[in-house]
Amino acid sequence: MSALSEAYRDHPLHLHHIIPLDFDSVRTVPDSHVWPTSHAFESDDQLSIPTVDLMDPDAVKLVGHACETWGVFQVINHGIPLDIIDEVESEARRLFSLPTGHKLKALRSPGGATGYGLARISPFFSKKMWHEGFTVMGSPVDHARELWPNDYQRFCDVMEDYQKKMKELAITLMHLILKSLDLSEEEISKVVSPGGASTALQLNSYPFCPDPSRVMGLAPHTDTSLLTILYQSTINGLEIFKDGVGWVLVSPTNGSLVVNVGDLLHILSNAQFPSVLHRVVLKEKQQRLSLAYFYSPPTDFDVSPLALNPAQIPLYRSVSVREYIHIKAKNVEKALSLIRI
Ligand SMILES: C=C1C[C@]23C[C@H]1CC[C@H]2[C@@]12CCC[C@@](C)(C(=O)O1)[C@H]2[C@@H]3C(=O)O
Ligand SMILES: O=C(O)CCC(=O)C(=O)O
Ligand SMILES: [Fe+2]
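Residues numbered from 1 in each chain as written. Chains lettered and ligands numbered in written order. Predicted model: local features only at pLDDT ≥ 70, side-chain atom pairs only at ≥ 80, totals over all residues. Heavy atoms only, no water.

### Focus: the packing of aromatic side chains
Stage number 1. Inspection of every chain in the model, using the stated rule, returns 5 aromatic pairs.
Stage number 2. A centroid spacing of 5.9 Å and a plane angle of 45° characterise the contact between Trp35 and Phe125, whose relative ring orientation is tilted. Remark: Phe125 occurs in the loop between strand E3 (115-117) and strand E4 (132-136) and Trp35 occurs in the loop between helix H1 (3-9) and strand E1 (51-53); sequence separation between them is 90 residues. There is no split in this pair, since Trp35 and Phe125 are both buried.
Stage number 3. Pairing Phe241 with Trp247 gives two aromatic rings, centres 5.2 Å apart and planes at 70°, and the pair type is edge-to-face.
Stage number 4. On the basis of relative accessible area, Phe241 is assigned to the partly exposed category, the value being 34%.
Stage number 5. For Trp247, a relative accessible area of 12% corresponds to the buried category.
Stage number 6. Site record: aromatic cluster; members linked through ring pairs are Phe134, Trp148 and Phe155.
Stage number 7. Between Arg94 and the ring centre of Trp148, over which it is positioned, the NZ or CZ distance is 4.3 Å.
Stage number 8. Over the ring of Tyr316 we find Arg340, and its NZ or CZ is 5.8 Å from the ring centre. (Phe/Tyr/Trp six-rings, centres within 6.5 Å; stacked < 30°, edge-to-face > 60°. Helix = DSSP H or I, 4+ residues; strand = E, 2+ residues; numbered from the N terminus. Buried < 20%, exposed > 50% of the residue type's maximum accessible area, 1.4 Å probe, protein only. Lys NZ or Arg CZ within 6 Å of the ring centre and 35° of its normal.)

### Details of the layout of surface pockets
Stage number 1. A volume near 920 Å³ is recorded for the largest pocket.
Stage number 2. Around the largest pocket, the lining is made up of 46 residues, and of these Tyr8, Arg120, Ile121, Thr224 and Phe294 lie nearest the centre.
Stage number 3. Counting only elements with at least two residues in the lining of the largest pocket, the list comes to H1, strand E5 (198-206), strand E6 (216-221), strand E7 (227-232), strand E11 (278-281), strand E12 (288-296) and helix H9 (321-330).
Stage number 4. Residue contributions to the lining of the largest pocket peak at 6 residues, all from E5.
Stage number 5. Residues that form the lining of the largest pocket fall into these classes: 24 nonpolar, 17 polar and 5 charged.
Stage number 6. Here the second largest pocket defines a volume of roughly 490 Å³. (1 Å grid on protein atoms, 1.4 Å probe; cavity = no way out; pocket = protein on both sides within 12 Å on 5 of 7 lines; lining within 4 Å. Points joined across faces, edges and corners; volume = space filled by probe spheres on them. Nonpolar A, V, L, I, M, F, W, Y, C, P; charged D, E, K, R; others polar.)

### Here we look at the pairing of E5
In the case of a regular strand, side chains alternate between the two sheet surfaces.
Stage number 1. With respect to burial, E5 is a largely interior element, 9 of its 9 residues being buried.
Stage number 2. Burial along E5 is two-sided: Ser198, Ala200, Gln202, Asn204 and Tyr206 and Thr199, Leu201, Leu203 and Ser205, pointing in opposite directions, are all buried.
Stage number 3. By the bridge criterion, 5 bridges tie E4 to E5 in an arrangement that is antiparallel. Bridging from a neighbouring strand, Phe134 pairs with Leu203 of E5.
Stage number 4. Across 9 bridges, the pairing between E5 and E12 is antiparallel. (Pairing = 2+ DSSP bridges.)

Okay, structure coming up:
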């Protein structure tokens, strides 16, 4: 078991917060899944988040500016081969197309962090989300065997290869981001060391929905990570919240990846790079898929504001990754304010 799954084990979820609806059999949206605030599901579809070309000689500046002003940007020329992304997507599709009863064989256990189930934030909302997920930390072999006893190797190879590639990209991005904060190579290497990181891959499915405007795909949240690298296939749905503007749609563009600032980078940058609030709404009846890769320091790493000049005061106390996960497991919305000095 990875150290990250252990950190989540101390906060078991109840079964009804793990088991998704039997989406195959629903013809109408049950009351448990109707969100009352559908009038608020409006978004600005004209504005767009910045795009950063990783080959641009000015990438450090561009990435820093995007983190500061938006907390989220798209990357192009990221070096991840598109056929690998396609393979992961197709394996994710193979998994989510299994009948519900079959997917439940790989159900996340109440104290577990990996496998099939609802999003971890589910218990914090009175309505259920129109979502099913599959969480991978390292090798998915145990759950893959439960799903396909004689045919699990391909799934495992594809997921492990993708995580390896995502880790390299996450490290590259972290170097650019921390350089933009004027941290020295020595300081950067303490936060980003190739040997030590906590990572997770989340396959998300927003199944076919007979009445998309009344449901919520993924409720508003910030990610716990330093940064998250997201691939959204071809269907709209991801929205980010921008102060002074409101919800802004992030349309998928061919081959690009979405990078967003998580809470741990918010702390490390002393709120110079705020973690971005985001949600998924269903814009179409059709099933939507996404792949989210979360990158964080090792669970025993102490995160505290870095790169402060003498005039700045730290806004957050030092907190280990493990402790922050525990704080967030109890207070999903207030976690950052609870560690504010
Ligand atoms: C490494 C992570 C990051 C997790 C928990 C764990 C595995 C699954 C991730 C998500 C994925 C869906 C949104 C979120 C909010 C959730 O409910 O589960 C994420 C959460 C976090 O960023 O806190
Ligand atoms: O499906 C998406 O576009 C976003 C998923 C997400 O926010 C997450 O997995 O944390
Ligand atoms: Fe997220």
